[in-house]
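Secondary and tertiary structure notes
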Amino acid sequence: FRYIIKKKQYLNPIQTQIFPSIINFDGNLILCAPTGSGKTLISIFAILRIIINSISFCKSKSKIIEKVVKIIYLAPMKTLVRQIYTSVKSMFNKFKFRIIEVT
């Protein structure tokens, strides 16, 4: 997580409250909070969890198995979509994930 989130040192109160649920939750998520409350960072943690859980190691074959994962991030405004897309693309670019923007 630290590699992806370089600039952030501490979670704010809303992020601190929701973080344990994000890390231990396998279902869909709708996150509602005021503007500027850190929803984007929490969603990045959720995306990381999905990616980490999609990779497993098969001991019998000594091989890494990657599942195909699709993640959809919805935002209410085109400008916010662009901002999130740019942010996520820069964070995950090194891992060679295919990230697209649809508006």
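Note that the structure is predicted; figures quoted are calculated from it, not measured.

**What about the pattern of salt bridges?**
Going through the model one piece at a time under the given rule, you end up with one salt bridge. In this structure, Arg82 and Glu101 form a salt bridge, with 2.8 Å as the shortest nitrogen-oxygen distance. Linking Arg82 in helix H3 (residues 78–92) with Glu101 in the segment after H3, this pair joins segments that are 19 residues apart in sequence. With a relative accessible area of 46%, Arg82 lands in the partly exposed category. The exposure class of Glu101 is partly exposed, given its relative accessible area of 24%.

**Comments concerning H3**
Given 3.6 residues to a turn, an α-helix orients residues that are three or four positions apart in the same direction. Spanning 15 residues, H3 covers 21 Å between terminal C-alpha atoms, matching the ideal 21 Å at 1.5 Å per step. Buried residues of H3: Val81, Ile84, Tyr85, Val88, Met91 and Phe92, and no others. Seen along its axis, H3 keeps its buried residues to an arc of 135 degrees; they face one direction. Of the residues in H3, the exposed ones pointing more than 90 degrees away from the buried face are Thr79, Gln83 and Ser90.

Cut-off values and rules
- Residues numbered from 1 in each chain as written.
- Predicted model: local features only at pLDDT ≥ 70, side-chain atom pairs only at ≥ 80, totals over all residues.
- Heavy atoms only, no water.
- Salt bridge = Lys/Arg side-chain N within 4 Å of Asp/Glu carboxyl O.
- Helix = DSSP H or I, 4+ residues; strand = E, 2+ residues; numbered from the N terminus.
- Buried < 20%, exposed > 50% of the residue type's maximum accessible area, 1.4 Å probe, protein only.
- Expected span 1.5 Å × (residues − 1).
- Arc of directions from axis to C-beta.

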